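Single-letter residue listing:
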Amino acid sequence: MPQALLTGTVVKAQSGFFVVHTPRGDFTCHLRGRLKKEKRSTDLIAVGDRVEISTQSEGGGMIETIAPRHSALARTAPSGYKPRGGPRRREGESQQVIVANVDQVVLVFACAEPAPHMRMLDRFLVIAECARLPAVICANKSDLVTVEQAESLFEVYPRLGYAVLYTSAETLAHVAELRHILTNKISVFAGPSGVGKSSLLNALQPGLGIKARAVQQVTFKGRHTTVHPELFSLDSTSFVADTPGIRTLELWDIEPEELDGYFVEMRPYVKDCDFSDCTHTHEPGCAIRKAVEAGHITPSRYESYCRMRSGDLF
Ligand code: GDP
Ligand code: ZN
């Protein structure tokens, strides 16, 4: 009788073997040869992929099937020819999937120490919009400021539809809510260093932040080395990736002309500009600038747009 297959999630991919997390524990697996031959447009397999495995000896296994992906955080694979256009795949372009089946990105910033870098937050939101992934903002170190201060720092974002959680890894305020929004999902953590990502992971599960830190140190050594992050399991269906790859937008080659579409509050106005190729920076009859003047678009967000449009990183 053939052995029943076990369903799991790839949590680590490393030179030919894959660690698959299943309700029965982790299995170190190889990929069935015929799967390697099947043509797929993106990386054959990445962390986050849902697979079925046959188990072999103690802790070993073979990946038999790979489920279709519902999303991916990907970047254009480095090559001589660098096509523009961001992570969406275009004809003849190869992609490097960083994490498959991502359900959301959690953008972690601190309310203080360091003060939140809103330009960077806006940039991450653009990345999330471009990858068509929901974004949640985690405003950590909320214990260092008053509730009013915290809310005024991030007030624009809930109005744009982004949830903001005011957490503290120190007092554990709202950490239970954070845990709740991570349940049954694959979440990618991103944010500058020092904001408390490792501390939050530790608060969610003792030891997790330390594990994540160790992976980061290895992958950070060479900025241009291929980063295949690890997923950390909170339970058998909830995973987080604390991923160096998403931290720099150098990897995300977004066309300047499509940037306005990734600022959610600008989208409705774009069609009303007099020029169809309006950059919204200096043209007469610009509906975006009118919306800024009328108070419908927050000046700080408009400034983020202008800075990104002019090629400024942050
Ligand atoms: P990471 O670089 O984003 O992983 O940040 P860390 O988790 O290493 O935290 C950086 C520093 O901030 C450490 O000294 C933490 O103890 C401190 N820290 C982290 N979270 C909080 C918090 O919620 N409140 C306060 N007061 N300090 C925090
Ligand atoms: Zn315009």
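Scroll up to find the structure this text is about.
The text that follows walks through the structure, step by step, so that each part is easy to find. Just so you know, these numbers come straight off a predicted model, no measurement behind them.

### Overview of the environment of Asp49
And step 1. Structurally, Asp49 is set in the loop between α1 (33–37) and β4 (50–55).
And step 2. Through-space distance from the C-alpha of Asp49 to that of Gly8 is 8.5 Å; in sequence the pair is 41 residues apart.
And step 3. Those residues within four positions of Asp49 in sequence are excluded, and the remaining contacts are Gly8, Thr9, Val10, Leu44, Ile66, Ala67, Arg69, Ala100 and Asn101.
And step 4. Among the polar contacts listed, one links the side chain of Asp49 to the backbone nitrogen of Ala46, at a separation of 2.8 Å.
And step 5. Polar side-chain contacts of Asp49 include one of 2.7 Å to the side chain of Arg69.

### A closer look at helix α6 (residues 197–204)
And step 1. Within the span of α6, buried status applies to Lys197, Ser198, Leu200, Leu201 and Leu204. Buried residues of α6 fall within an arc of 160° about the axis and therefore sit on the same side.

### Topic: the pattern of salt bridges
And step 1. Inspection of every chain in the model, using the stated rule, returns 9 salt bridges.
And step 2. Here Arg119 ties to Glu303 by a salt bridge, and the two come within 3.5 Å at their closest N and O atoms. Taken together, the residues Arg119 in helix α2 (residues 118–130) and Glu303 in helix α10 (residues 299–309) connect sequence positions 184 residues apart.
And step 3. Given the relative accessible area of 35%, Glu303 is considered partly exposed.
And step 4. Through salt bridges with shared partners, a single network forms among Arg119, Glu303 and Arg307.

### What to know about the sheet that holds strand β3 (residues 25–31)
And step 1. Taken together, the 5 strands give a closed barrel; going around it, the order is β1-β2-β3-β5-β4, and neighbouring strands pair in mixed fashion. In this sheet, neighbouring strand axes are inclined to one another by 55° on average, regardless of whether the strands run parallel or antiparallel.
And step 2. Judged from the 5 bridges that link them, strand β2 (residues 17–22) and β3 form a sheet pairing that is antiparallel. Counterpart to His21 in the pairing with β3 is Asp26.

### Brief notes about unusual backbone geometry
And step 1. The linkage connecting Glu113 with the following residue, Pro114, adopts the cis geometry, with an omega of 5°.
And step 2. Along the chain, the position of Pro114 falls in the loop between β8 (104–110) and α2.
And step 3. One non-glycine residue, Leu172, adopts positive backbone phi at about 70°.
And step 4. On the secondary structure map, Leu172 appears in the loop between β10 (163–166) and α5 (175–182).

### Considerations on the coordination of the zinc ion (ligand 2)
And step 1. Every protein donor of the zinc ion (ligand 2) is accounted for by Cys273 (SG), Cys278 (SG), His280 (ND1) and Cys286 (SG), and the metal-donor separations fall at 2.0 to 2.4 Å.
And step 2. One can describe the site at the zinc ion (ligand 2) as tetrahedral: its 4 donor atoms subtend angles covering 100 to 114° at the metal.
And step 3. Mapped onto the sequence, the donors of the zinc ion (ligand 2) take the spacing C-x4-C-x1-H-x5-C.

### Details of the packing of aromatic side chains
And step 1. Summed over all chains, the structure comprises 4 aromatic pairs.
And step 2. Here Tyr302 and Tyr305 contribute two aromatic rings whose centre-to-centre distance is 6.4 Å and whose plane-to-plane angle is 20°, an arrangement assigned as stacked. With a gap of 3 residues between them, Tyr302 and Tyr305 both fall in helix α10, about one helical turn apart.
And step 3. For Tyr305, a relative accessible area of 0% corresponds to the buried category.
And step 4. Put simply, the rings of Phe263, Tyr302 and Tyr305 pair up and form one aromatic cluster.

The rules behind the values
Residues numbered from 1 in each chain as written. Chains lettered and ligands numbered in written order. Predicted model: local features only at pLDDT ≥ 70, side-chain atom pairs only at ≥ 80, totals over all residues. Heavy atoms only, no water. Helix = DSSP H or I, 4+ residues; strand = E, 2+ residues; numbered from the N terminus. Contact = heavy atoms within 4.5 Å. Polar contact = N/O pair within 3.5 Å; in protein donor to acceptor, adjacent residues only side chain to side chain. Buried < 20%, exposed > 50% of the residue type's maximum accessible area, 1.4 Å probe, protein only. Arc of directions from axis to C-beta. Salt bridge = Lys/Arg side-chain N within 4 Å of Asp/Glu carboxyl O. Pairing = 2+ DSSP bridges. Axes fitted to C-alpha atoms, helices over the stretch in contact; angles between N-to-C directions. Donors = N, O, S within 2.8 Å, 3.2 Å for Na, K, Ca; no water. Tetrahedral: all angles 85-135°; square planar, octahedral: opposite > 155°, others 65-115°. Phe/Tyr/Trp six-rings, centres within 6.5 Å; stacked < 30°, edge-to-face > 60°.

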